[in-house]
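# Structural overview
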Amino acid sequence: MSDYIINVEHLNKQFLVDKKPMEVLRDINLKVEKGEFVTIVGHSGCGKSTLLKIICGLVDYEDGVVERNGHAVNGPGPMCGMVFQDHRLLPWLKIKDNVGFGLKDLSKEERAANVKRHLELVGLAGFENSYPAQLSGGMSQRAAIARGLANNPSILLLDEPFGALDALTRIQMQKEILRIQEEEKTTMIMVTHDIDEAIYLGNRIVVMSARPGEIKEIIKTDPVQSKRRGSAEFAAYKKKIYNYFFEDSDVEYEIEYNI
């Protein structure tokens, strides 16, 4: 049994495209400790979302080891929740019913208490009887996070959850997800294209290559400096990640920092 809550070893993944194999992930090795917040960055199409879905059990894998709590992943389970870029709330259900949708084994009272707690956790107390169309984009994503947490999973996977939000709302949601993660002690892995977001949120940042996705580097961040967006240390993290993206490219890329 692994000591890690998530353990991925020598994972390879292919899809069939026009009846031809397309390599998506190559020799992925990743271990995540309980309570960590890991972010994943990389070019579009490099397999970041596929990796999350394999860990969650939504996509099969044939080659390698993928474990949650020391057990091989063979499908979705209540210990692992997932939040997508689009909130995927059911428009005909009230917010309280969307959040409680997957709570099948609780009594009516237990379900109501669970939903109430998680709506309060994400700052949506008072919106229980609203419908998704009545909420802003940021509020809808809060509801999606509450739904992902309602089963009390030990792992929450987030696939570009703030990508469609405006810049100010996105920064606020980053602060909120950190607060929730610290309160709930949930292990989180987030895929993002936003390098600032990856640095700000991640205890470790996984940098992936273009397809087929390989892990080029795993960068451990300083818990204080990664929260200071204007610091020289934050800029150094950012420059290091950009250098990985462009080191194999013919594009000459230079980023300037005014600190």
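As a convention, each chain's residues are numbered from 1 in the sequence order in which they are written. Reporting of local features is limited, given that this is a predicted model, to residues whose pLDDT is at least 70; pairs of side-chain atoms are given and counted only at 80 or more, and all residues count toward the totals for whole chains, interfaces and linings. Only hydrogens and water are removed before side-chain values are computed, so all heavy atoms of the structure are retained for them.

## Description of the packing of aromatic side chains
To pair, rings of Phe, Tyr and Trp, with the six-membered ring standing in for Trp, must have centres within 6.5 Å; the planes then decide the type, stacked if under 30 degrees apart, edge-to-face if over 60, and tilted in the middle. Under the definition given, this model contains 0 aromatic pairs. Lysine NZ or arginine CZ positioned within 6 Å of the ring centre and within 35 degrees of the ring normal marks a charge as sitting over the ring. Between the NZ or CZ atom of Arg88 and the centre of the ring of Phe84, over which it lies, the distance is 3.8 Å. For the cation-ring pair, Arg229 lies above Tyr200, with the distance from its terminal atom to the ring centre recorded as 4.1 Å.

## What about the sheet that holds strand β6 (residues 80-83)?
Strand order in the open sheet formed by 6 strands is β6-β7-β8-β3-β9-β10, and the pairing between neighbours is mixed. Each edge of the open sheet is held by one strand with a lone partner, namely β6 and β10 (215-220). Across the sheet, the mean angle from the axis of one strand to that of its neighbour is 15 degrees, orientation sign disregarded. Sheet topology places strand β9 (residues 204-208) next to β10; 5 bridges connect them, and they run antiparallel. Across the sheet, the residue bridging to Met208 is Ile215, located in β10. Its contacts with the sheet put helix α1 (residues 48-56) on β3 (37-41), β6, β7 (155-159), β8 (187-191) and β9, and the angle it makes with β7 is roughly 155 degrees. A strand pair is defined by DSSP finding two or more bridges across the two strands. Elements are defined by DSSP. Helices are runs of H or I of four residues or more, strands are runs of E of two residues or more, and each kind is numbered from the N terminus. Angles shown run from 0 to 180 degrees and are taken between the N-to-C directions of axes, each axis being a line fitted to C-alpha atoms and, for helices, limited to the stretch in contact. Note on definitions: a residue-residue contact is assigned when non-hydrogen atoms from the two residues lie within 4.5 Å.

## Quick notes on the pairing of β9
Accessible area is worked out with a 1.4 Å probe on protein chains only. A residue is then buried under 20% of its type maximum, exposed over 50%, and partly exposed in between. The buried fraction of β9 is high, at 5 of 5 residues. Here β9 shows two buried faces, one formed by Arg204, Val206 and Met208 and the other by Ile205 and Val207. Pairing between β3 and β9: 4 bridges, direction parallel. Looking at the pairing, Ile40 lines up with Val206 of β9. The turn linking β9 back onto β10 is made up of 6 residues.

## Comments concerning α1
In terms of residue burial, α1 counts as a mostly covered element, since 7 of its 9 residues are buried. Of all the residues in α1, the buried ones are Lys48, Thr50, Leu51, Leu52, Ile54, Ile55 and Cys56. Looking one or two residues past α1, Gly57 carries a phi angle of roughly 95 degrees, positive in sign.

## Regarding the nonpolar core
Within the largest apolar cluster, 43 residues are counted, with the highest numbers of intra-cluster contacts made by Ile145, Ile177, Ile205, Val207 and Ile241. With 6 residues, the single largest contributor to this core is helix α7 (residues 232-246). In this entry, domain limits derive from an automatic or database-based domain assignment. Two domains each put at least three residues into this core: domain 1 (1-79 + 155-169 + 186-259) and domain 2 (86-152). Working definition of a nonpolar core: buried Ala, Val, Leu, Ile, Met, Phe, Trp, Tyr and Cys residues. They are joined through side-chain atoms within 4.5 Å. Membership of the second largest hydrophobic core comes to 30 residues, among which are Ile28, Ile40, Leu52 and Ile54.

## A closer look at the sheet that holds strand β5 (residues 71-72)
Strands sit in the order β2-β1-β4-β5 across an open sheet of 4 strands; the sheet is antiparallel. At either end of the open sheet lies a strand with only one pairing partner, and these are β2 (20-32) and β5. In this structure, strand β1 (residues 6-17) lies alongside strand β4 (residues 63-68), joined through 5 bridges in antiparallel fashion. Along β4, the bridge assignment pairs Asn7 with Glu67. Against the sheet, α1 touches β1, β2 and β4, its axis set at about 115 degrees to β1.

## Comments concerning the pairing of β4
Across 2 bridges, β4 lies against β5 in antiparallel orientation. Looking at the pairing, Arg68 lines up with His71 of β5. The turn joining β4 and β5, which pair antiparallel and follow one another in sequence, is formed by 2 residues; a positive phi near 50 degrees is taken by Asn69.

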